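Next come the chains, spelled out residue by residue.
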Amino acid sequence: MSAEDSNPAATPTPCVDTQGDGRWMSLHNHFVSNSKDKEPDVLFVGDSLVQLLHQFEVWRELFSPLHALNFGVGGDATQHVLWRLSNGELAHISPKVVVLWVGTNNHGHTAEQTCGGIMAIVQLIKDKLPNAQTVILGLLPRGKMPNPLRDRNARVNKLVQEAVSSLPHASLLNVDPGFVHSDGSISHQDLYDYLHLTPQGYQAVCQTIHTHLKGLLEKTG
Amino acid sequence: MMSGDEMNPAAVAQAVVDVQGDDRWMSQHTRFVLECKDAEPEVLFIGDSMVQLMQQYEVWRELFSPLHALNFGIGGDTTCNVLWRLQNGELDNIWPKVAVVWVGTNNYEHSAEQVAGGIFAIAQLLTSRLPKTKVVVLGLLARGERPNPLREKNAAVNGLLRSLLPQLGQAQFLDVGEGFVHSDGTISTRDMFDFLHLTSAGYRAIAKPLSDLLLQILEETPEERRASLV
């Protein structure tokens, strides 16, 4: 039995349409066909934190100029992103950099399993895009006050950092500008529901990403 | 029409249980209750993510902040959750001139009749707690890329609300869904980035008729509006 079989976070799994309007599959198909005539240098892929970024001005200011595509889907956990990338979303494009932001929705999975899921995605990207760099964004803290999910996300980041330390094609980028205040609280001005970023929250996070991307893109030429 | 609210699960107040582990729903509710202590809103928005997300876009600052609006939207909320919040502090110490209600699309377990009954119960609660407040109930938008059962259900809810709401003198129904479904039956990601949640352009389209109606209502109310239009 391979490692993937025993880790649900690392087993490609499509989202089941429980609501009844097929939106997840519509979005996936949309991304696949959308990529047919695009030549992005950067691909952002992940969950709602990626998806929502596309809706705000900051995307147009910082990432459109870098020829970036956005394949974020709200609610996605690592196994969903793994499925999407295995089923066409990388078939027609050759970005130089893939920015991966996923893991906060892996409810029911341990930090170790979630890290395994992230690393499975990194391996898949390497298989399909041998010349691409993968930038894994660290999971942000969540919840208004300290809670087990903050600990879990921090542990995922630590495990991922260790796992990529020996890999030339992947790295972990910490994009938390310090959302947690000295009293342990997170402000709704940064994370409007203590999970999703406000435009103000995105500004801080995206500066870090943008600077890092520019550096990477200049190197790859 | 359901004969008694106790028969309608969509009209039963219910808090969200924290299954994820970071208690965000209660944190948001608590924050809203606190906001009621100091705020003097003329407009109260209450509902689900359709309400909540609007506050993150420019259109909120341009059209609704100047009306002294409060935003009590929480993503994922059903009619049950909104009822609970309104009964547990989110109406304390505020006397808005208008309450805008937008909820129902997340009531997956309930029929169209039940959902309409749940929304009606919210409007009833508002008009009884705040007799001078006008209630504007927004119609549920179509969703999904192509025709699907949820579109039919949401349309059925809207149809029921059109006939139910006039029973409450202070409440009215506003359909803001015009134009989202194209002639081929599809919805574009330019309007709804995930075929459910609105983009900036999508919000602009609905904000215009809504703010026009709000301005009209605010101008009609006898007490002079303190809000500046800048």
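All of these numbers come straight from a predicted model, not from anything done at the bench.

**Examining the interface of chain A and chain B**
Part 1: The partner chain B presents 24 residues to the 25 residues of chain A that form the contact.
Part 2: Summed over both sides, the interface of chain A with chain B buries roughly 2,300 Å², with 55% coming from carbon and sulfur.
Part 3: If you look at where chain A meets chain B, you find four salt bridges.
Part 4: In this structure, the salt-bridge partner of A:Asp21 is B:Arg143, at a minimum N-O distance of 2.6 Å.
Part 5: Here chain A is connected to chain B by 11 residue pairs in polar contact (both at pLDDT 80 or more).
Part 6: No other element matches the four residues that helix 2 (residues 23-34) of chain A contributes to the side of chain A that touches chain B.
Part 7: For the side of chain A that touches chain B, the per-class residue count stands at nine nonpolar, 11 polar and five charged.

**Some words on the confidence of the model for chain B**
All names here are of chain B.
Part 1: Mean pLDDT for chain B: 94, with 93% of residues reaching 70 or above.
Part 2: Here residues 225-230 scores under 50 on pLDDT; set against residues more than four positions off or in separate chains, the count is 16 contacts.
Part 3: The ipTM value of the predicted complex is 0.95, and its pTM value is 0.95.

**A few points about the packing of aromatic side chains**
Each aromatic ring pair is characterised by the separation of its centres together with the angle its planes make.
Part 1: A complete count under the given rule lists 13 aromatic pairs over all chains for this structure.
Part 2: Between A:Phe56 and A:Tyr202, the aromatic rings sit 5.8 Å apart at their centres with planes inclined by 55°, giving tilted as the arrangement. Here A:Phe56, found in the loop between helix 3 (48-53) and helix 4 (57-63), pairs with A:Tyr202, found in helix 8 (residues 199-220); they are 146 residues apart in sequence, far enough to count as distant.
Part 3: According to the relative accessible area criterion, A:Tyr202 is buried, its value standing at 0%.
Part 4: With centroids separated by 5.6 Å and ring planes inclined at 55°, the aromatic side chains of A:Trp59 and A:Phe63 adopt a geometry described as tilted. In this pair, A:Trp59 and A:Phe63 both sit in helix 4, four residues apart, roughly one turn of the helix. Across this residue pair, the class does not change: A:Trp59 and A:Phe63 are buried.
Part 5: Ring pairing ties together the aromatic residues A:Phe56, A:Tyr202, B:Tyr57 and B:Tyr203, which thus form one cluster.

Basis of the calculations
- Residues numbered from 1 in each chain as written.
- Chains lettered and ligands numbered in written order.
- Predicted model: local features only at pLDDT ≥ 70, side-chain atom pairs only at ≥ 80, totals over all residues.
- Heavy atoms only, no water.
- Contact = heavy atoms within 4.5 Å.
- Buried area = accessible area lost by both parts, 1.4 Å probe.
- Salt bridge = Lys/Arg side-chain N within 4 Å of Asp/Glu carboxyl O.
- Polar contact = N/O pair within 3.5 Å; in protein donor to acceptor, adjacent residues only side chain to side chain.
- Helix = DSSP H or I, 4+ residues; strand = E, 2+ residues; numbered from the N terminus.
- Nonpolar A, V, L, I, M, F, W, Y, C, P; charged D, E, K, R; others polar.
- pLDDT = per-residue confidence, 0-100.
- Phe/Tyr/Trp six-rings, centres within 6.5 Å; stacked < 30°, edge-to-face > 60°.
- Buried < 20%, exposed > 50% of the residue type's maximum accessible area, 1.4 Å probe, protein only.

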